[in-house]
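# Examination of the molecular architecture
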Amino acid sequence: MAKRVVRKMRRKGLASMAVQTVATTDSTVDLGPASALSCRECGHRVPLGPVFACEECFGPLEIAYDFSGLDAEELRRRIEAGPANIWRYAPLLPVPADVAGKPNLNPGWTNLVKADNLARELGVTGGLYVKDDSGNPTHSFKDRVVAQALEAARAFGFTTLSCSSTGNLAGAVGAAAARAGLRSCVFIPHDLEQGKIVMAAVYGGELVGIEGNYDDVNRFCSELIGDPAGEGWGFVNVNLRPYYAEGSKTLAYEICEQLGWRLPDQIVVPIASGSQLTKIDKGLRELIALGLVEDRPYKIFGAQAAGCSPVSTAFKAGHDVVRPQKPDTIAKSLAIGNPADGPYVLDIARRTGGAVEDVTDEEIVDAIKLLARTEGVFAETAGGVTVGVTRKLIENGVLDPAKTTVVLNTGDGLKTLDAVAGTGLTATIRPTLDSFREAGLA
Ligand SMILES: *Cc1c(COP(=O)(O)O)cnc(C)c1O
Ligand SMILES: [Zn+2]
């Protein structure tokens, strides 16, 4: 209990800043079914606005909806007749009803790969699927969340889109701003993978490297929000965070719809800040409440790299607070040492009967290669983390191989080529059949 209070006190500096700098709390903004912001700790409600912390208790705010009047059958028909992107779920998202017609990247509706070869390799008999979000416009799941934040930025009149990023978000924000005709200025740790830097810079926005790790970048952005220099800026994962976060629900919606409106039994999700995992749970619960899927139990498993495993460490120790770590792993997109949603992830893993596990960098590389060689899916390090953790959880008897299991791949292997730099030519030969035979390849 005392520890929860400490957690809140730590947030206090940030929170008072957020409350001070509310540009507008215009309750007439049109964000579809979103009706208010609600505190995840105390339930206090405020009108929709660019705020992220509760004025009463400094807890994080999230979107509350008015889904009354939605009929399950009609909603399902409407979704199925919708576009092949996240906007098919617009009636369940904090976006205006006409969102599909606005310039944005239209992410989502990525492949749910039935991974039979991988299943055989891992001994899974209940059906194994890889939700492959490398297929998004900027090749990571971040396009989903940025698309929501963009709509909120438009609604609140922000003219610059910004973020603190471990790499993928920077690219997603740069691309979304380019398409929408907004300025972007994003912040990353200066020592990210070259592929991530290029894939963020190419969209022409401003890209600033900060001498420090992600947690330093994030702290800097919180200061910028409270400063006149940051006026008119929508930080997708700070002052627009409640809207941003809802984008992850679309992963849950798509997985269930692609399974034929069925819940998976088990789902393995990577953890950076933990936001994605908590919103996948929220999305699944919404589908149950709306009557779009059968109400039955599911388990959510969280996956981290051993070199940045604050949540899995807390899970295994039975703690309900997450002690920050200094990240040191090749899975840089997940390298958040002080994950904002960590305690909520612990709650969800425990409530659903799941777990949180971590794998070493070596196991991550092995898992990237395993997925590539069994299913033809080239994952970034974050995908190596989820596949590696899935394998480990099966070996440890934690994940049930007889149950339907979905593993997330949230980014493209082209972004983290360094991780598999050791792979290359099988042989170099002269262009003759003799040479080919000599190399033992015939
Ligand atoms: C950002 C990111 C995640 C998860 O992020 P959360 O902060 O936990 O929501 C997962 N995979 C990749 C590749 C990412 O870039
Ligand atoms: Zn509160």
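About the cut-offs
- Residues numbered from 1 in each chain as written.
- Chains lettered and ligands numbered in written order.
- Predicted model: local features only at pLDDT ≥ 70, side-chain atom pairs only at ≥ 80, totals over all residues.
- Heavy atoms only, no water.
- Helix = DSSP H or I, 4+ residues; strand = E, 2+ residues; numbered from the N terminus.
- Rg over C-alpha atoms; globule rule 2.2 N^0.38 Å.
- Buried < 20%, exposed > 50% of the residue type's maximum accessible area, 1.4 Å probe, protein only.
- Contact = heavy atoms within 4.5 Å.
- Areas by Shrake-Rupley, 256 points an atom, 1.4 Å probe, with all protein chains shown as cover.
- Lys, Arg positive; Asp, Glu negative; His and termini not counted.
- Charge placed at Lys NZ, Arg CZ, Asp CG, Glu CD.
- Pairing = 2+ DSSP bridges.
- Axes fitted to C-alpha atoms, helices over the stretch in contact; angles between N-to-C directions.
- Near = heavy atom within 4 Å.
- Polar contact = N/O pair within 3.5 Å; in protein donor to acceptor, adjacent residues only side chain to side chain.
- Nonpolar A, V, L, I, M, F, W, Y, C, P; charged D, E, K, R; others polar.
- Donors = N, O, S within 2.8 Å, 3.2 Å for Na, K, Ca; no water.
- Tetrahedral: all angles 85-135°; square planar, octahedral: opposite > 155°, others 65-115°.
- Salt bridge = Lys/Arg side-chain N within 4 Å of Asp/Glu carboxyl O.
- Patch = residues over 30% accessible without salt bridge, like charges linked within 9 Å, V, L, I, M, F, W, Y side chains within 5 Å.
- Expected span 1.5 Å × (residues − 1).
- Phe/Tyr/Trp six-rings, centres within 6.5 Å; stacked < 30°, edge-to-face > 60°.
- Lys NZ or Arg CZ within 6 Å of the ring centre and 35° of its normal.

## Comments concerning the overall build of the chain
For the chain, the helix and strand inventory stands at 15 helices and 13 strands. Its C-alpha radius of gyration of 22 Å places the chain within 12% of the 22 Å reference for a compact globule of 442 residues. In terms of overall dimensions, the chain has a C-alpha envelope of 75 × 50 × 50 Å along the principal axes. Sorting the 442 residues of the chain into buried and exposed places 58% on the buried side. A separation threshold of at least 6 residues defines the contact pool for the chain, and within that pool the share at least 24 residues apart is 71%. Surface accessibility of the chain: about 17500 Å² in total, with carbon and sulfur atoms responsible for 50%. When the 46 positive and 53 negative side-chain charges of the chain are each reduced to one mean point, those points stand 3 Å apart.

## Quick look at the sheet that holds strand β7 (residues 183-189)
Strand pairing in a sheet relies on backbone hydrogen bonds, with the paired strands running either antiparallel or parallel. One open sheet holds the four strands; their spatial order is β8-β7-β6-β9, and the pairing between them is parallel. Looking along the sheet, the strands with just one partner apiece sit at the ends: β8 (206-210) and β9 (233-235). Within this sheet the neighbouring strands show an average axis-to-axis angle of 20°, counted without direction.

## Things to note about the site of ligand 1
Neighbouring residues of ligand 1: 15 residues in total, closest Lys 142, Ser 273, Gly 274, Gln 276 and Thr 410. Between ligand 1 and Gly 274, the relevant distance is 2.8 Å, taken from an oxygen atom to a main-chain nitrogen or oxygen of the residue. A distance of 2.6 Å separates a nitrogen atom of ligand 1 from a polar side-chain atom of Thr 410. Protein contacts shield 97% of the accessible area of ligand 1, which totals 380 Å² for the unbound molecule. For the shell around ligand 1, the class distribution of residues is six nonpolar, seven polar and two charged.

## A closer look at the sheet that holds strand β3 (residues 61-65)
Sheet architecture is open: three strands sit in the order β2-β1-β3, paired in antiparallel fashion. Each edge of the open sheet carries a strand with a single partner, namely β2 (45-46) and β3. Examined bridge by bridge, strand β1 (residues 34-39) and β3 share five bridges and lie antiparallel to one another. Among the inter-strand pairings, Ser 38 is bridged to a residue of β3, identified as Glu 62.

## Considerations on the coordination of the zinc ion (ligand 2)
Bound to the zinc ion (ligand 2) on the protein side are Cys 39 (SG), Cys 42 (SG), Cys 54 (SG) and Cys 57 (SG), at distances that span 2.3 to 2.4 Å. One way to put it: the four donor atoms around the zinc ion (ligand 2) meet at angles of 98 to 117°, and that makes the site tetrahedral. Considered as a linear motif, the donors of the zinc ion (ligand 2) on their single chain read C-x2-C-x11-C-x2-C. Here the residue Cys 39 occupies a position in strand β1, and Cys 54 occupies one in the loop between β2 and β3, the gap between them amounting to 15 residues. For the pair Cys 39 and Cys 54, one class covers both residues: buried.

## Quick look at the pattern of salt bridges
One pass over the full model with this rule turns up 30 salt bridges. A salt bridge links Asp 133 to Arg 144; the nearest nitrogen and oxygen atoms lie 2.7 Å apart. On the criterion of sequence distance, the pair formed by Asp 133 in the loop between β5 (128-132) and α4 (142-156) and Arg 144 in helix α4 is long-range, its members being eleven residues apart. Each member of the pair, Asp 133 together with Arg 144, is buried. Its salt-bridge partner being Glu 193, residue Lys 196 comes within 3.3 Å of it at the nearest N-O pair. Assessed through its relative accessible area of 2%, Lys 196 is described here as buried. Taking relative accessible area as the criterion, Glu 193 reaches 10% and is therefore assigned buried.

## Points about the environment of Thr 386
Positionally, Thr 386 belongs in helix α14 (residues 381-395). For the pair formed by Thr 386 and Phe 301, sequence separation is 85 residues and the distance between their alpha carbons is 9.3 Å. Here Thr 386 is in contact with Val 268, Val 269, Pro 270, Ala 303, Val 407 and Leu 408, once residues within four sequence places are set aside. A distance of 3.0 Å separates the side chain of Thr 386 from the backbone oxygen of Gly 383, its partner in a polar contact.

## A word on the environment of Gly 127
Position of Gly 127 relative to the elements: it lies in the loop between α3 (116-122) and β5. Among the residues examined, Gly 127 registers a relative accessible area of 15% and is labelled buried. In the structure, Gly 127 is positioned 256 residues away from Gly 383 in sequence and 18 Å away in space, judged by C-alpha atoms. In contact with Gly 127, other than residues within four places in its own chain, are Lys 403, Thr 404 and Thr 405.

## So, a nonpolar patch on the surface
On the surface, Ile 429, Leu 433, Phe 436 and Leu 441 cluster together into a nonpolar patch covering about 340 Å² of accessible area. Its place among the elements puts Phe 436 in helix α15 (residues 433-438). Judged by its relative accessible area of 31%, Phe 436 falls in the partly exposed class.

## Comments concerning helix α10 (residues 275-290)
Look at α10: 22 Å from first C-alpha to last across 16 residues, which is about the 22 Å you get at 1.5 Å a residue. A large share of α10 lies buried, amounting to 14 of its 16 residues. Two residues or fewer past α10, Gly 291 is found with a positive phi of approximately 80°.

## Looking at the packing of aromatic side chains
As enumerated under the stated definition, the model contains six aromatic pairs in all. With a centroid separation of 5.1 Å and 45° between ring planes, the pair formed by Tyr 89 and Tyr 253 is classed as tilted. With Tyr 89 in the loop between α2 (72-80) and β4 (112-114) and Tyr 253 in helix α9 (residues 249-258), the pair connects residues that are 164 residues apart, well separated along the chain. Tyr 253 shares its class with Tyr 89; the two are buried. When the ring centre of Tyr 89 is taken as reference, the NZ or CZ atom of Arg 88 above it lies at 6.0 Å.

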